[in-house]
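# Architecture at a glance
These are the residues of each chain, in order.
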Amino acid sequence: MAPYKTKRSVNAVELLNRRSRGTRDALSRYNLKVFRGVLLQDTRVFLKVWSKTSKSKIMYENGKFYFENYQICYSCVHSDPHVLYKLPKRSKKEKLEDALLCQSPLDKTLASPSDQKPSLLALTANNWLCRLSVDTGKELQKVYLSPNLKFKYLGWDISPEIFYVKTVQSKETSLERQAGIVNNTIMHIAIFQAFPLQIVGIMEINKRVFGNGITDVVLSQGVLAVSYSNKSVKLYSCEHIFQRQSSLLRGKTVGEFPFGIPVNIQIKDCPPVLFEVSCSNNGVQVGGFPWHYIYTPPQKNHKGTHHIRSLKDNIMPTPQVTVTSSGRTVKRRVQQLDDDPDQKTFRLVEYEDELDLLTVLVTNGEEEQGIAHVQLHDNQSGKLLRTVELAERWDETYRHELFFDKDTIVHIEQQNTNFCCHVYKLEGLEEYAE
């Protein structure tokens, strides 16, 4: 794509986004270094530029907001967010249950130009997996999953390469109990390659293999994580499991209506347990290099906190960072943070990969509706580089999400039965004065 004409002012973030679609080279790294310097200048401030309320949950991903169950998409790349597209109204059976944003890997050239572009993977209530254009909402591709199973959830295994689609949990019916029929099936998981969109297979999770008391199953970083009612989580190797994979019938019927996709990954005996941990809410996240995991200990005095340990030797980083409330994934190592003399509480921690910054949300721990600050720390030293105060009050009684996206800070909060999003943009003090 050609650069802007000289008559139009250049948006540095937009140029960085454009260049990031190509191969990462010395120039791209230099541009990111320059932008990091601009971001931390004293002459630049984050200003609240936009807010919007919705009766349904609001999603944010890569400069775009999704409203009304993904039906309406807003772009917030510029300071004045605007409607990018509206999808045609859907019937109840065609409503979107879940969605994932797909960004094409930079080091891979695909056969079809449409496969190379970012897309929205959307799961419908009637078991269709659709690939939509993120710019227009146009349907690019679709796969029919199953006539018998009820798929409802989407998640990344290895972003942006492998994702999975999960069914609702199977529950024993009263008729099965009366007839003495034992239903061992817990759920089914379909695994896909993202670029290009291709089926890997479907596997069944059942009690005979993984035991009783299963409350949830997820895939992450090539690992199958099984949560149990006794507050333990067991991790298994997906590579080991996929060795039991039989080939799919490559005829036209696979992934087409009304046939769907057959179960081709047969798990007949329990694979070796890679790792096991006891945690509250059965939640454990694995990531970073070297590998670490973040979890909440099961003891009552640790309720609402998240702890980080090395996956290799189970040792905590020094010093240990504890994150409370709705902690997001820590994507890289967590370094030392400056001591907080006011005894404020860390709410969210996230690593900004390209800019090598650690984003920490800090609130007044004792107040239900306190002031919230977004802190940007250097990931190499843990040094505090700048602080941004949010204009809206932080209500502890409801769920919050925070996103730091180059020149944009997004705060999504629940307000009673409604949801609200707030957008902050990096502006110069000269523009602020005007």
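Residues numbered from 1 in each chain as written. Predicted model: local features only at pLDDT ≥ 70, side-chain atom pairs only at ≥ 80, totals over all residues. Heavy atoms only, no water.

The next subject is the overall build of the protein. Within the protein one finds seven helices and 30 strands. Here the protein, with 434 residues, has 47% of them falling under the buried criterion. Nonlocal contacts in the protein, meaning residues at least 24 apart in sequence, comprise 46% of its contacts between residues at least 6 apart. For the protein, the exposed surface amounts to about 23,000 Å²; the carbon and sulfur share of it is 49%. (Helix = DSSP H or I, 4+ residues; strand = E, 2+ residues; numbered from the N terminus. Buried < 20%, exposed > 50% of the residue type's maximum accessible area, 1.4 Å probe, protein only. Contact = heavy atoms within 4.5 Å. Areas by Shrake-Rupley, 256 points an atom, 1.4 Å probe, with all protein chains shown as cover.)

Let us look at the sheet that holds strand β6 (residues 96–102). Strand order across the open sheet formed by four strands is β6-β7-β8-β9, with antiparallel pairing between neighbours. The open sheet has two edge strands, β6 and β9 (139–144), and neither has a second partner. For this sheet, the mean angle separating the axes of adjacent strands, direction not counted, is 20°. Examined bridge by bridge, strand β8 (residues 128–133) and β9 share five bridges and lie antiparallel to one another. Bridge pairing links L132 to E139 in β9. (Pairing = 2+ DSSP bridges. Axes fitted to C-alpha atoms, helices over the stretch in contact; angles between N-to-C directions.)

In this structure, I189, M203, I205, F210 and L224 are the most contacted members of the largest nonpolar core, which totals 22 residues. If you list the elements that add at least two residues to this core, you get β11 (162–167), β12 (185–193), β13 (198–206), α5 (207–210), β14 (214–220), β15 (223–228) and α6 (238–242). Considering each element in turn, this core owes the most residues, four residues, to β12. Those residues in contact with I189 that sit more than four places away from it in its chain are Y164, V165, K166, G201, I202, M203, I205, V217, L219 and L224. In this structure, L121, F163, F192 and I261 belong to the second largest nonpolar core, which totals 21 residues. (Core = buried A, V, L, I, M, F, W, Y, C linked by side-chain atoms within 4.5 Å.)

Right, let's talk about unusual backbone geometry for a bit. A cis geometry characterises the amide bond from F195 onward to P196, with omega recorded as -10°. Along the polypeptide, P196 turns up in the loop between β12 and β13. In the segment running from F257 into P258, the intervening peptide bond is cis, with an omega of 5°. Its identity is not glycine, yet N127 carries a phi of approximately 75°, on the positive side. Looking at where N127 falls in the secondary structure, it is placed in the loop between β7 (119–124) and β8.

This prediction gives the protein a mean pLDDT of 81; 79% of its residues lie at or above 70. By mean pLDDT, the top-scoring element of the protein is β11 (96), and the lowest-scoring one is strand β21 (residues 323–324) (42). Considering only residues more than four positions removed or in separate chains, one finds that residues 1–10, a stretch of pLDDT under 50, has nine contacts. Taken as a whole, residues 319–344 scores under 50 in pLDDT and shows 80 contacts with residues more than four places along the chain or in a different chain. (pLDDT = per-residue confidence, 0-100.)

The next subject is the environment of I315. Within the secondary structure, I315 sits in the loop between β20 (305–310) and β21. Ignoring any residue separated from it by four or fewer positions in sequence, one finds I315 in contact with R309 and S310.

Our focus in this paragraph is the pairing of β13. The element β13 is largely enclosed, with a buried count of seven among its nine residues. As judged from the eight bridges shared by β12 and β13, these two strands associate in the antiparallel manner. Looking at β13, one finds that I191 is bridged to G201. In this structure, the hairpin formed by β12 and β13 is closed by a connection of four residues.

Right, let's talk about the sheet that holds strand β16 (residues 232–237) for a bit. Here four strands make up an open sheet; going across it, the order is β14-β15-β16-β17 and the pairing antiparallel. At either end of the open sheet lies a strand with only one pairing partner, and these are β14 and β17 (273–278). The average undirected angle you get between the axes of adjacent strands in this sheet is 20°.

On the secondary structure map, S133 appears in strand β8. Not counting residues within four places of it along the chain, the set of residues in contact with S133 comprises Y85, K138 and L140.

This paragraph deals with the pattern of salt bridges. Applying the stated criterion across every chain, the model contains five salt bridges. A salt bridge links R36 to D378, with the shortest nitrogen-to-oxygen separation between them at 2.6 Å. On the criterion of sequence distance, the pair formed by R36 in helix α2 (residues 26–39) and D378 in strand β25 (residues 372–378) is long-range, its members being 342 residues apart. You can call D378 buried: its relative accessible area is 15%. We note a salt bridge from D407 to K425, for which the minimum N-O separation is 3.8 Å. Taken as a pair, D407 in the loop between β28 (400–405) and β29 (408–415) and K425 in strand β30 (residues 418–428) lie far apart in primary sequence, 18 residues in all. (Salt bridge = Lys/Arg side-chain N within 4 Å of Asp/Glu carboxyl O.)

Of note, D405 is situated in strand β28. Spatially, the C-alpha atoms of D405 and E352 are 7.8 Å apart, while their sequence positions differ by 53 residues. With residues near it in sequence (within four places) discarded, D405 still touches Y60, N62 and G63. Only 3.5 Å separates the side chain of D405 from the backbone nitrogen of G63, close enough to count as a polar contact. (Polar contact = N/O pair within 3.5 Å; in protein donor to acceptor, adjacent residues only side chain to side chain.)

A full pass over the atoms with the stated rule returns 16 aromatic pairs. Pairing W128 with Y144 gives two aromatic rings, centres 5.1 Å apart and planes at 55°, and the pair type is tilted. A residue pair is termed long-range when its members are at least 10 positions apart, and W128 in strand β8 and Y144 in strand β9 qualify at 16 residues. Note on accessibility: W128 and Y144 belong to one class, buried. An aromatic cluster is built from W50, Y60, F65, F67, Y74 and F403, whose rings are joined through pairwise contacts. (Phe/Tyr/Trp six-rings, centres within 6.5 Å; stacked < 30°, edge-to-face > 60°.)

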